[in-house]
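What follows is each chain in one-letter form.
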Amino acid sequence: MAAGLAAGKGGLMNAMSHSSMGQAVSMAPALDVNTLAQFVDLLPLPPIAKPQGSRPSPADAKLSVPFYRIQAQAVTSKVHRDLPPTEFWSFGSSTPGPTFETRSGEPLLVEWVNALPHQHFLPVDHTIHGAEPDKPTVRTVVHMHGAKAGPESDGYPDDWIVPGKSALYYYPNQQDAAMLWYHDHAIGINRLNVYAGLFGTFLIRDGVEDALNLPKGKYELPLLLYDRLLTRDGQLLYPVSPDPKSPWVPEISGNAILVNGKLFPYLEVEPRKYRFRVLNASNSRFYHLSLTESPSHSSTTGAQTKELEFHQIGTDQGLLPAPVPLTTLEIAPAERADLVVDFSEYRGTHLVLKNDAFVVMQFRVSSAKAADSSALPRELVPVPKIPESQAVQTRLLTLNEYVNKAGNPVMLLLNGMHWGEPITEKPVLGSTEIWTLINPTNDSHPIHLHLVRFQILDRQSYVPWLFQTKRQLQFLGPAQPPEPNEAGWKDTVRADPHMVTRIIVPFTGFTGRYVWHCHILEHEDNEMMRPYEVVAG
Ligand code: C2O
Ligand code: CU
Ligand code: CU
């Protein structure tokens, strides 16, 4: 999964889509990103969403809550100084969409408007469930990833709306400080709509976070990472399979990694602490991020690429118990990492953020001294471990990949079941369950549950064929606890290949129908997604 950055190796003439199973398709001429100047564009920041007045709360008509109106529309945006503007679809006039700044316990309303064109500009596969020829090709529904919202406001994949329509969603924000993100979730075309640019972030803050005195204001920045396959004229390419009737591909790998919408941006920083809210908004790429000194600024030997230390202070659903020192951050699709980077020792130097060996962006540390009264506290927020004894139910759930005679994936399922089959997972509101994710495939699948936050119990390698033939779980080696930077509240978990991954999940908030799925959007669309229902006790 998520192989090296193809065009980063240079000399690439055609865009190639390499699946893990060896499928390769060439298409329109792709951009060779090595021909572009690096660090000529300033890192942009998404605008902050502004409410348009207030409206009565659907929960209590006597209360009025901020009302936002956000429109999905076609936009153009320059991803690089030397490329023509790229066509995207976005929420609002910028891409990525605006950042919501909200506080825990302060609800708000959003009217999500579909003002998209009537034709899709990316290859819709009409053989995929929910995208049949009789369905409108342009549909959108917005899901707030990580939010505890009622089922009618969660963005159920079948609740899509067509151009000219809108949907009013209510977000109670009764949850801890965290960076959530909103994105399209329309059944069968989710991968295309998110790839087109339909996403943005949603910050919830609270008093616990405030009291920690973390870097804030202009010293706290979102870094939204997403790879795209760009043509030589800077337009989005979405790869297709060799079968024109069924263009779906099992994963994609772009030649350009965008940060907040720019390719190879730079950011001028002061020699002090910064807080970076990192989101992996890619369809299927996993990142391995590190910070190094630029070669021109390293020692005279030139070969020095020492990885610098930074701290992860939070994960998907909020702050970790304590900062975790890292030199490499692994981040799967849909995961968030809250980082503190201290530039104080790098006055007057240039640092680069890399994904594996490939440059993503540059930090230019100014040489003037900077005051810094912010803190990197030794302890952040307690995350008490949920005892396994609290679980009233353990579900064994398999992740399945199906291949054709040529060995190419044709479909993926959860527990061998299609999206449209009856609901089989019905946790009781207020109860805690253990979900045991059994992964016999060769891929890591980032599994996400809507509505809830959970803790990772462990990962353990096992013998796949014994489970497949006899439903016998034979483990190989000890159970591994979550990585220190996963030891907080999560909403997305890597289910690694040939491993059993266990999570413990309190089902609180609302009853109703939600979904769980793999967040590799190509998998999710083709049908690695299932409904589940929280039922009253
Ligand atoms: Cu990020 Cu079902 O979503
Ligand atoms: Cu979600
Ligand atoms: Cu997957």
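Residues numbered from 1 in each chain as written. Chains lettered and ligands numbered in written order. Predicted model: local features only at pLDDT ≥ 70, side-chain atom pairs only at ≥ 80, totals over all residues. Heavy atoms only, no water.

A.B. asks: Just to check I follow, could you spell out the coordination of the copper ion (ligand 3) for this structure?
C.D. replies: Four donors placed tetrahedrally about a metal ideally form angles of 109.5 degrees, and six donors placed octahedrally ideally form angles of 90 or 180 degrees. Taken together, His445 (ND1), Cys518 (SG) and His523 (ND1) make up the protein donors of the copper ion (ligand 3), found 2.0 to 2.1 Å from the metal. Mapped onto the sequence, the residues coordinating the copper ion (ligand 3) show the spacing H-x72-C-x4-H. Summarising the burial analysis for this pair, Cys518 and His523 share the class buried. (Donors = N, O, S within 2.8 Å, 3.2 Å for Na, K, Ca; no water. Buried < 20%, exposed > 50% of the residue type's maximum accessible area, 1.4 Å probe, protein only.)

A.B. asks: What should I look at first to understand the coordination of the copper ion (ligand 2) in this one?
C.D. replies: Binding of the copper ion (ligand 2) to the protein goes through His143 (NE2) and His448 (NE2), at separations of 1.9 Å. Within this pair, whereas His143 is found in strand β9 (residues 142-145), its partner His448 is found in strand β29 (residues 445-449), the two being separated by 305 residues in sequence. Judged by relative accessible area, His448 falls into the buried class, the value being 0%. (Helix = DSSP H or I, 4+ residues; strand = E, 2+ residues; numbered from the N terminus.)

A.B. asks: So what exactly am I meant to see when it comes to the confidence of the model for the protein chain here?
C.D. replies: The predicted structure's coordinates, where accompanied by low pLDDT, should not be read in detail. On average, residues of the protein chain score 93 in pLDDT, and 93% of them reach the 70 mark or higher. Throughout residues 1-25 the model reports pLDDT below 50, and contacts reaching past four residues in sequence, or to other chains, amount to 80 contacts. In the model, residues 297-302 has pLDDT below 50 throughout and makes 5 contacts with residues more than four positions away in sequence or in other chains. (pLDDT = per-residue confidence, 0-100. Contact = heavy atoms within 4.5 Å.)

A.B. asks: Honestly, the sheet that holds strand β7 (residues 100-103) in this entry has me stumped. Any pointers?
C.D. replies: Backbone-to-backbone hydrogen bonds pair the strands of a sheet. The strands run either parallel or antiparallel. One open sheet accounts for 4 strands, arranged β7-β12-β11-β9; its pairing is mixed. In this open sheet, the two edge strands, each paired with only one partner strand, are β7 and β9. Averaged over all pairs of adjacent strands, the angle between strand axes in this sheet comes to 25°, irrespective of strand direction. (Pairing = 2+ DSSP bridges. Axes fitted to C-alpha atoms, helices over the stretch in contact; angles between N-to-C directions.)

A.B. asks: Please clarify how the environment of Trp516 should be interpreted in this entry.
C.D. replies: Note on placement: Trp516 falls in strand β34 (residues 512-518). Sequence separation between Trp516 and Gly164 is 352 residues; the distance between their C-alpha atoms is 29 Å. Dropping the residues within four chain positions of it, Trp516 is found in contact with Leu397, Leu414, Glu425, Trp435, Leu437, Ile447, His448, Leu449, Met529, Arg530, Pro531 and Tyr532.

A.B. asks: Got a minute to help me understand the sheet that holds strand β32 (residues 492-495) in this structure?
C.D. replies: Taken in spatial order, the 4 strands line up as β32-β29-β34-β35 in an open sheet, and their pairing is antiparallel. Pairing within the sheet leaves two strands with one partner each, and these edge strands are β32 and β35 (529-534). Strand-to-strand, the axes of this sheet are offset by a mean angle of 25°, without reference to chain direction. The pairing of β34 with β35 spans 6 bridges and is classified as antiparallel. In the sheet register, His517 faces β35, and the bridge partner there is Met529.

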